[in-house]
Amino acid sequence: MTTGSSPRRENATHDPGTGDEEPPVRAAPRPLRVGLALSSGGARGFAHVGVIKGLCAAGCTITAVAGSSIGAIVAAGYALHADADALERWVLDFRARDHARGRVPIMDAARLTAFLDRTFGGAAFADCAVPLRIVATDLRARVAVTLDSGSLATAAFASAALPFVHRPVVWGERLLADGSLSCVLPLAQATVPGVDLIVGSLVSRPHATLNGLTGGLARTVGGVVRGWGRPYVEFFRARTPQLPWPGAVPAAPAPPIMILTPHLDRLGTLDFARMREAIAAGEAAVATGLREWHLARNGVRYPIHLR
């Protein structure tokens, strides 16, 4: 015979009036799913590494990544293994002087391509752990093109090939060069189904004076340029690069867009030795941005620009 409390009844139904019902089990909030766009910007683009680190440390899930120019190289470095710490180690081990043309801090095409191929292990887009899109410029068609298949190293270099410095990259029937000539920040390419937020890391600067000078030279003395430099002349004669600037974003996109601008006022496009400073600035920008994210869920107009 059993004494004490009544036997426990399995699957008992609680009477709402008794006050002893069990509290409902609340599901843990799922991670914020982010589509990430990384801009051009030379050495300032090392801040993208900090942005990736910050998002991962905050528990966000990067479900897609897109990049232009230096942003393409960083995007590929992350997308291949989805490992932010490994990406940071790779970037910090990079020595620009080992891949430069003499004492000039401009990357030699053959050395940089070989470095990227070794780093990516000959991988293709299909080998990536995170969906990746790289933006380059079709010099003949004078439009941005999105690359999502083929060699990672070749695509990343094509997106970073500098006008009149590097040969255009042959990609099928296209001649490709720096993505920033047609798309500074590839927000559209980072937009995939199921994301909660598009985060743009914008470290580039408008170069209206330089672009105007380049276009003017192409129209006046460009006729003397021959060989592989000729497609650049034709491109600059016909269009002004870096248009549209990423500020031209619809007022109420879906999903919402948050553009981060890491604090890099004293860091130039050729300051390759200051990568730690740039990475820290990227992490700080994410910390600020995520603190403000609740505003995006309460009727704040998009895009949100944060430093």
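Details of the structure are given in the entry above.
Everything numeric here is computed off the predicted structure, so don't read it as measured data. (Residues numbered from 1 in each chain as written. Predicted model: local features only at pLDDT ≥ 70, side-chain atom pairs only at ≥ 80, totals over all residues. Heavy atoms only, no water.)

### Description of the overall build of the chain
- Secondary structure summary: the chain contains nine helices and eleven strands in total.
- The 307 residues of the chain split such that 49% are buried.
- With the model as given, the accessible surface of the chain reaches about 15700 Å², and the carbon-plus-sulfur share is 54%. (Helix = DSSP H or I, 4+ residues; strand = E, 2+ residues; numbered from the N terminus. Buried < 20%, exposed > 50% of the residue type's maximum accessible area, 1.4 Å probe, protein only. Areas by Shrake-Rupley, 256 points an atom, 1.4 Å probe, with all protein chains shown as cover.)

### Quick notes on helix α1 (residues 47–57)
- Counting buried residues in α1 gives nine out of eleven residues, a clear majority hidden from the surface.
- By the burial criterion, the buried members of α1 are Ala47, His48, Val49, Gly50, Val51, Ile52, Lys53, Gly54 and Leu55.
- Immediately beyond the C-terminal end of α1, within one or two residues, lies Gly59, with a positive phi of roughly 90 degrees.

### Examining unusual backbone geometry
- Positive phi, normally seen in glycine, also occurs at Ala82, with a value near 55 degrees.
- Examined against the element boundaries, Ala82 turns out to sit in the loop between α2 (70–81) and α3 (84–93).
- Overall, Ala82 belongs to the partly exposed group, its relative accessible area being 35%.
- Even without glycine at this site, Arg142 takes up a positive phi of about 60 degrees.
- Along the chain, Arg142 turns up in the loop between β5 (132–138) and β6 (143–147).
- In this structure Arg142 comes out as partly exposed when scored by relative accessible area, which is 30%.

### Some points on the packing of aromatic side chains
- Counted by the stated rule, this structure contains three aromatic pairs.
- For the ring pair Trp90 and Phe120, a centre distance of 5.9 Å and an interplane angle of 55 degrees mean the geometry is tilted. Taken together, the residues span a long stretch of sequence, with Trp90 in helix α3 and Phe120 in helix α4 (residues 109–120) at a distance of 30 residues. (Phe/Tyr/Trp six-rings, centres within 6.5 Å; stacked < 30°, edge-to-face > 60°.)

### Some words on α4
- Under the 1.5 Å per step criterion, the end-to-end length of α4 is 16 Å for twelve residues, consistent within 8% with the ideal 16 Å.
- For α4, the set of buried residues is Leu112, Phe115, Leu116 and Phe120. The buried side chains of α4 occupy one side of the element, clustering within an arc of 115 degrees when seen end-on. Exposed and oriented more than 90 degrees from the buried face of α4 are Ala110 and Arg118.
- Following α4 by one or two positions, Gly121 adopts a phi angle in the positive range, close to 60 degrees. (Expected span 1.5 Å × (residues − 1). Arc of directions from axis to C-beta.)

### Regarding the nonpolar core
- Among the nonpolar cores identified, the biggest contains 74 residues, and Leu36, Ile52, Leu116, Phe120, Leu132 and Ile134 are the most heavily contacted of them.
- Considering every element that reaches this core, the biggest residue donor is α2, with nine residues.
- Once residues lying within four places of it in the same chain are set aside, the contact partners of Ile52 are Leu36, Leu38, Ile62, Val74, Tyr78, Ala84 and Leu87.
- Judged by nonpolar contacts, the second largest core, of 13 residues, contains Ala64, Val184, Leu185 and Ile198. (Core = buried A, V, L, I, M, F, W, Y, C linked by side-chain atoms within 4.5 Å. Contact = heavy atoms within 4.5 Å.)

### Quick notes on the pattern of salt bridges
- As enumerated under the stated definition, the model contains six salt bridges in all.
- Of the charged contacts in the structure, one is a salt bridge between Glu277 and Arg274, with a shortest N-O distance of 2.9 Å.
- A residue is classified by how much of its surface remains accessible, and Glu277, at 41% relative accessible area, is partly exposed.
- Put simply, Lys53, Glu88 and Glu283 are held in one network by salt bridges that share partners. (Salt bridge = Lys/Arg side-chain N within 4 Å of Asp/Glu carboxyl O.)

### Remarks on the pairing of β6
- Examined bridge by bridge, β5 and β6 share five bridges and lie antiparallel to one another. Bridge pairing links Asp138 to Val143 in β6.
- The turn joining β5 and β6, which pair antiparallel and follow one another in sequence, is formed by four residues; a positive phi near 60 degrees is taken by Arg142. (Pairing = 2+ DSSP bridges.)

### A closer look at the packing of α1 against α3
- Where α1 meets α3, the closest approach of the two axes is 9 Å, and the angle between their N-to-C directions is 160 degrees. It follows from the interaxial angle that α1 and α3 lie roughly antiparallel. The crossing of α1 and α3 is left-handed. In this structure, α1 contributes Val49, Ile52, Lys53 and Cys56 to the contact, and α3 contributes Ala84, Leu87, Glu88 and Val91.
- Each residue belonging to the contact of α1 with α3 can be placed in one class, and the counts come to six nonpolar, no polar and two charged. (Axes fitted to C-alpha atoms, helices over the stretch in contact; angles between N-to-C directions. Parallel < 35°, antiparallel > 145°, perpendicular 65-115°, else oblique. Left-handed = near helix turned anticlockwise from the far one by under 90°. Nonpolar A, V, L, I, M, F, W, Y, C, P; charged D, E, K, R; others polar.)

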